[in-house]
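Architecture at a glance
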Amino acid sequence: MVYRWKAEKSSRSNLRRLARSQLRAAIEELIDPFSDRADAVHDARLRLKKLRSLVRLVRKAAPQQFAHENTAMRDAARALSLQRDRQALIEALDKLLGHAEREWNESGDHLRALRNLRNRFVEAQQHESNGADRSQLIEQVADDLRSATGRLKAWTSQAHDRVVVAGFADSYRRGRLALRAVLADATAENLHEWRKQIKYHRYQVRLFQEAWPAMLEAHCEELRRLSDYLGDDHDLVLLKQALRDSHADELGEQTLHDLVELIERRRSELKADAIPLGQLLFAEKPKHVTRRFMQYWCAYRDRCAAQ
């Protein structure tokens, strides 16, 4: 099912339809015996992010229900995160290798050590993915999502147009506040929190992009690009920590030192790309951007009704 608001449906109907479809798809992906386990976990975690974006649309009207469902979805995503974290380390190392090859040339002890380390990460990921404990954990997450399906009507019961508009504005406002924290102090924690808020806002924008596809699809793409910059930064932070905590001896002092310097240079480049883009995407005040988006949607809904 397409992740879009339908003009002919009520807000409550749209919210229930979309949340139910994401829950069902996540469950099916996790329990499918023929799916690639890593891909299934990745797709299920994306659906959980969409679900957390949806439940944020009722945050103002139903704070208790929001808190319960958001926590349940967060915990389910965290249960699946071990394998994703390992994959993130592999992807971060792959991207970093490209920069390392340009800086350190095509050969040398540094690159050899990094390639050997990548092979060990891949072996560890395969072992974790195929373990019996991992299969049991995934089955438990699927059960938790089935329980969440049974609670769906409760947290969507107060959904109507004004509630959804307030939720949309609140998500944008939180993204703007997170940017302000980054501008004050661009710590890894502040950057990661900003990325989470960007994702919630982006998924909410996607709901309404049928109103003006040419513009809103481009807007979503810029939000995705911003999120990718910050995601690469976060993965590098995880990689640096993993190298220092678990792989310092095998890399050697000089290789580790040079690699950490390379990581920090790359992080500086990513922040230099992300922050100006974010300042553009979050330049408007919440009430202004919300009014503008809702005017797009109302014009689209009126056009659909007239056809």
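First, a word on what this report is: a plain description of the structure on this page. (Residues numbered from 1 in each chain as written. Predicted model: local features only at pLDDT ≥ 70, side-chain atom pairs only at ≥ 80, totals over all residues. Heavy atoms only, no water.)

1. Focus: the overall build of the protein chain
Counting secondary structure elements, the protein chain contains 13 helices and zero strands. Along the protein chain, from the amino end to the carboxyl end, the secondary structure elements read α-α-α-α-α-α-α-α-α-α-α-α-α. Relative to the compact-globule value of 19 Å for 307 residues, the protein chain shows a C-alpha radius of gyration of 21 Å, a close match. Overall, the protein chain is about 70 × 45 × 35 Å in size when its C-alpha atoms are taken along their principal axes. With 307 residues in all, the protein chain has 47% of them scored as buried. (Helix = DSSP H or I, 4+ residues; strand = E, 2+ residues; numbered from the N terminus. Rg over C-alpha atoms; globule rule 2.2 N^0.38 Å. Buried < 20%, exposed > 50% of the residue type's maximum accessible area, 1.4 Å probe, protein only.)

2. Focus on helix α2 (residues 37-55)
When the terminal C-alpha atoms of α2 are compared, their 27 Å separation across 19 residues agrees well with the 27 Å that a helix rising 1.5 Å per residue should span. The N-terminus of α2 is capped by aspartate 36, whose side-chain oxygen sits 2.9 Å from the backbone nitrogen of aspartate 39. (Expected span 1.5 Å × (residues − 1). Polar contact = N/O pair within 3.5 Å; in protein donor to acceptor, adjacent residues only side chain to side chain.)

3. Quick notes on the packing of aromatic side chains
Applying the stated rule across the entire model yields nine aromatic pairs. Ring centres 5.4 Å apart and planes at 75° place the aromatic pair phenylalanine 208 and tryptophan 297 in the edge-to-face group. Remark: tryptophan 297 occurs in helix α13 (residues 286-306) and phenylalanine 208 occurs in the loop between α9 (188-207) and α10 (213-246); sequence separation between them is 89 residues. This pair shows no difference in class: phenylalanine 208 is buried, exactly as tryptophan 297 is. Ring geometry for tryptophan 212 and tyrosine 296: centres 5.1 Å apart, planes at 90°, overall edge-to-face. (Phe/Tyr/Trp six-rings, centres within 6.5 Å; stacked < 30°, edge-to-face > 60°.)

4. Concerning the nonpolar core
In terms of nonpolar packing, the biggest core is built from 86 residues, with Trp194 and Leu239 touching the most fellow members. Excluding its chain neighbours within four sequence positions, the residues that come into contact with tryptophan 194 are Gly175, Ala178, Leu179, Val182, Leu226, Leu230, Ala274, Ile275, Gly278 and Phe282. (Core = buried A, V, L, I, M, F, W, Y, C linked by side-chain atoms within 4.5 Å. Contact = heavy atoms within 4.5 Å.)

Without other data, these values stay purely geometric and don't point to any function.
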